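# Secondary and tertiary structure notes
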Amino acid sequence: AVIARYNINGVGSYSVNIPANTSTTISVPTNTPGTYNYNFYSAEYNSVPKCVNSGFASTIAFTIVGPATPTISGPLSACANSPGNIYVTESGMTDYVWTISSGGTITAGGGLTHNSVTITWTTSGSKVLSVKYKDANGCAVSNTTTYNVTVNAQPVPTITGSPKVCKGNSVTYSTQSGMTNYNWSVSSGGVITSGGTAASNSVTVRWDNAGNQTVGVNYTNVNGCSASSPTINNITVYTDPIPTLSGNSEVCAGSISNIYTTESGMSNYIWNVPTGGTITSGGTSVSNTVTVRWNSAGNHTVTVRYTNEGGCTTVIPSVYNVKVNPLPIPTISGATIVCTGSSGITYSTEAGMSNYNWIVSSGGVITTGGTLTDATVTVTWTGVGAQTVSVNYSNANGCQAATSTVKNVTVNPLPNPEISGLTTSCVGSTQVYSTTTGMSNYLWNVTGGTITAGGGTSDYTVTVRWNTSGTQSVSLNYTNSDGCSAVSPKIHNVTVNPAPVPTLT
């Protein structure tokens with residue numbers, strides 16, 4: 001065995017035990033980088049002192065290399081979601097280990113052999129990037145190097161300006177001021193007439209095509225960041241509205257509650273009904289309906305205009321044609337003067353109509369006809385005095401008269417003839433019987449006697465010679481000035497006494 005003694009750069013006294021015919025390891029008693037000389041000054045072989053040069057080198061030099069300190073270069077600030085942010089450390093090393101605290105994604109590099117890394121920062125805020133490696137001497141770094149990066153949020157551009165517009169109109173749209181690289185876009189239905197440059201935070205657009213259109217913008221903010229994609233505002237371009245109208249296009253004069261309707265949800269409605277009609281409800285600036293009473297027959301109109309949801313107003317009002325049919329005026333033909341008890345009196349109105357409605361006053365009775373389909377009615381007059389027959393119906397246009405047509409009928413009472421003359425007479429004698437003058441159609445009749453004078457249809461007297469004794473009679477009927485006759489003739493009873501037969505003795 002050998003015990004070798006040495007110092008380092010002439011300082012200290014160290015020893016190492018070296019077994020026979022072997023080698024051993026000497027520990028370096030320092031961590032400080034630098035160049036060192038191990039100076040061997042004695043040795044002992046089996047406890048026998050020998051000189052250093054007895055098989056030993058007198059001096060061994062070596063160098064302690066300190067661990068490397070990585071550096072990182074790259075953008076200290078970036079934008080959220082911005083790709084291609086490259087960070088670099090020393091090349092020629094091994095076992096690179098890159099680390100991101102949070103909010104970032106390595107898209108290239110970053111392996112054990114890569115001295116660079118490409119990062120997309122996915123969230124905003126303060127981020128930390130770190131790296132370590134082994135240097136060319138194979139020494140691992142003692143501390144990981146960190147690199148602080150500020151990731152700025154992407155801007156979110158806003159656009160102000162009307163989302164509803166009329167075709168042909170221009171609208172100015174604005175976004176945040178004080179930015180750079182403004183990038184405006186307008187869909188094919190619009191034309192930029194002013195603004196819209198890289199330095200302008202506003203744009204004026206004339207919308208030439210109706211429908212769904214868009215306006216978009218992006219920019220670079222004070223941190224140099226842009227939105228991942230432009231802000232897009234949807235624009236609805238409206239044409240000038242052409243209102244539609246629905247409702248009764250053919251009505252009857254005097255009809256009420258005729259409702260006409262146009263599109264709902266609009267504003268500034270302007271309704272108009274020219275002469276011939278009257279608005280009874282609705283028809284205001286906020287109403288999409290109007291109720292009309294049609295007062296007169298003829299061709300009339302309802303008109304409307306409004307402003308739609310895009311602020312566009314009807315240029316020419318929409319016109320709805322309405323045919324107002326006149327009401328029928330039923331006529332009634334038939335006797336106006338009748339006698340009480342008269343039957344089979346027929347009254348007629350226009351044929352070919354529908355929903356006939358016949359009404360007879362209480363002094364008459366309908367005996368035939370008078371249904372919804374009958375243009376005639378037959379009446380028996382049972383009362384006396386002023387009576388009526390009325391009728392209404394629906395004509396071919398479905399219109400009814402506002403009121404029924406009424407026919408006045410005078411029902412005259414039947415006469416009660418009186419006969420004046422003797423109620424007793426003798427066979428062979430002649431008597432005169434009379435009644436009321438001024439009548440017509442006198443009808444005289446005698447039993448048991450012979451009319452010798454008068455008794456004609458125009459005679460109000462009759463002269464009778466009584467031929468047969470017993471109870472006989474004179475009867476009479478006539479037509480009075482109202483054209484009425486008694487239901488049965490008047491009977492005037494006469495007792496005819498036989499003539500005496502004198503006897504002579």
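## Let's talk about the confidence of the model for the protein
Residues with a pLDDT of 70 or more make up 92% of the protein, whose mean pLDDT is 90. Contacts for the low-pLDDT stretch residues 50-55, under 50 throughout, to residues beyond four places or in other chains number ten contacts.

## Some thoughts on the side chain of Thr380
Positionally, Thr380 belongs in strand β31 (residues 376-381). In this structure Thr380 comes out as buried when scored by relative accessible area, which is 17%. Contacts of Thr380, omitting those with residues within four sequence positions, involve Gly341, Ser342, Ser343, Gly344, Gly363, Gly364, Val365 and Thr367.

## A word on the environment of Ala78
In this fold, Ala78 is placed in strand β6 (residues 77-79). On the basis of relative accessible area, Ala78 is assigned to the buried category, the value being 7%. A sequence separation of 347 residues divides Ala78 from Ser425, and the C-alpha atoms of the two residues are 154 Å apart.

## A closer look at the side chain of Thr435
Tracing the backbone shows Thr435 in the loop between β35 (430-434) and β36 (440-447). What makes Thr435 buried here is its relative accessible area of 9%. Setting aside chain neighbours within four positions, we find Thr435 in contact with Glu418, Tyr442, Trp444, Tyr460, Leu476 and Tyr478.

## Re the sheet that holds strand β27 (residues 337-339)
Taken in spatial order, the four strands make up an open sheet running β27-β33-β32-β29, and their pairing is mixed. The two strands at the open ends of the sheet, each matched to only one other strand, are β27 and β29 (354-360). Sheet twist, expressed as the average angle between the axes of neighbouring strands with direction ignored, equals 25°.

## Observations regarding the state of the cysteines
Applying the stated criterion across every chain yields a total of four disulfides. Across the disulfide from Cys166 sits Cys312; the S-S distance is 1.9 Å. Its S-S torsion of approximately -125° makes the covalent link between Cys166 and Cys312 left-handed. Linking Cys166 in strand β13 (residues 164-166) with Cys312 in the loop between β25 (298-307) and β26 (318-325), this pair joins segments that are 146 residues apart in sequence. Of the residues examined, Cys312 reaches a relative accessible area of 1% and is grouped as buried. In this model Cys252 forms its disulfide with Cys399; the gap between the sulfur atoms is 2.0 Å. Negative torsions about the S-S bond denote left-handed disulfides, and the value of about -95° found for Cys252 with Cys399 makes this one left-handed. With Cys252 in strand β20 (residues 250-252) and Cys399 in the loop between β32 (385-394) and β33 (405-412), this residue pair connects regions lying 147 residues apart in the sequence. One exposure class covers both Cys252 and Cys399, and it is buried. By sequence-ordered numbering of the bonded cysteines, the protein has its disulfides arranged as 1-3, 2-5, 4-7, 6-8.

## Observations regarding the pairing of strand β38 (residues 461-466)
Two elements, β35 and β38, share five bridges in a ladder whose sense is antiparallel. Residue pairing in the sheet places Thr430 in a bridge with Arg465 of β38. In terms of strand pairing, strand β37 (residues 449-454) meets β38 through five bridges, oriented antiparallel. Bridging across to β38, Thr450 finds its partner in Arg465. As consecutive antiparallel partners, β37 and β38 are separated by six residues, and within that stretch Gly455 has a phi angle of approximately 80°, a positive value.

## A word on the environment of Thr278
Within the fold, Thr278 resides in strand β23 (residues 277-282). Apart from the residues lying within four places of it in its own chain, the contact partners of Thr278 are Thr291, Val292, Arg293 and Asn295.

## Quick word on the nonpolar core
Counting residues in hydrophobic clusters, the biggest one holds 18 residues, and the most contacted among them are Ile72, Tyr87, Trp98, Ile119, Trp121 and Leu129. Looking at this core, the elements with two or more residues in it are β8 (94-100), β10 (116-121), β11 (125-134) and β12 (145-152). Leaving out residues up to four positions away in the same chain, Leu129 has contacts with Ile72, Tyr87, Trp98, Thr99, Ile100, Val117, Ile119, Thr145, Thr146 and Tyr147.

## Things to note about the pattern of salt bridges
Counted by the stated rule, this structure contains two salt bridges. The partner of Asp95 in a salt bridge is Lys134, and the shortest N-O contact between them spans 3.6 Å. Of the two residues, Asp95 is situated in strand β8 and Lys134 in strand β11; the sequence distance between them amounts to 39 residues. Between Asp208 and Arg206 there is a salt bridge, with the nearest N and O atoms lying 2.8 Å from each other.

## Some thoughts on the packing of aromatic side chains
A full pass over the atoms with the stated rule returns twelve aromatic pairs. The interplanar angle of 80° and the centroid separation of 6.4 Å between the aromatic rings of Tyr173 and Trp207 together place this pair among those described as edge-to-face. Note that Tyr173 is positioned in strand β14 (residues 170-174) and Trp207 in strand β17 (residues 202-207), a separation of 34 residues in sequence. Neither residue differs from the other here; Tyr173 and Trp207 are each classed as buried. Both rings, one in Tyr260 and one in Trp294, keep their centres 6.3 Å apart while their planes meet at 80°; by these two values the pair is edge-to-face. Of the two residues, Tyr260 sits in strand β21 (residues 258-261) while Trp294 sits in strand β24 (residues 289-294), which places them 34 residues apart along the sequence. Each member of the pair, Tyr260 as well as Trp294, is classed as buried. One aromatic cluster is present, formed by Tyr87, Trp121 and Tyr147 through successive ring pairs.

## Looking at the sheet that holds β26
Pairing within the open sheet is mixed, and its four strands lie in the order β20-β26-β25-β22. If you trace the sheet from one side to the other, it starts and ends with β20 and β22 (267-272), each paired once. With direction set aside, neighbouring strand axes in the sheet form an average angle of 25°. The pairing of β25 with β26 spans seven bridges and is antiparallel. By the bridge assignment for β26, Val304 is matched with Ser318.

So, how was this worked out
Residues numbered from 1 in each chain as written. Predicted model: local features only at pLDDT ≥ 70, side-chain atom pairs only at ≥ 80, totals over all residues. Heavy atoms only, no water. pLDDT = per-residue confidence, 0-100. Contact = heavy atoms within 4.5 Å. Helix = DSSP H or I, 4+ residues; strand = E, 2+ residues; numbered from the N terminus. Buried < 20%, exposed > 50% of the residue type's maximum accessible area, 1.4 Å probe, protein only. Pairing = 2+ DSSP bridges. Axes fitted to C-alpha atoms, helices over the stretch in contact; angles between N-to-C directions. Disulfide = S-S within 2.5 Å. Core = buried A, V, L, I, M, F, W, Y, C linked by side-chain atoms within 4.5 Å. Salt bridge = Lys/Arg side-chain N within 4 Å of Asp/Glu carboxyl O. Phe/Tyr/Trp six-rings, centres within 6.5 Å; stacked < 30°, edge-to-face > 60°.

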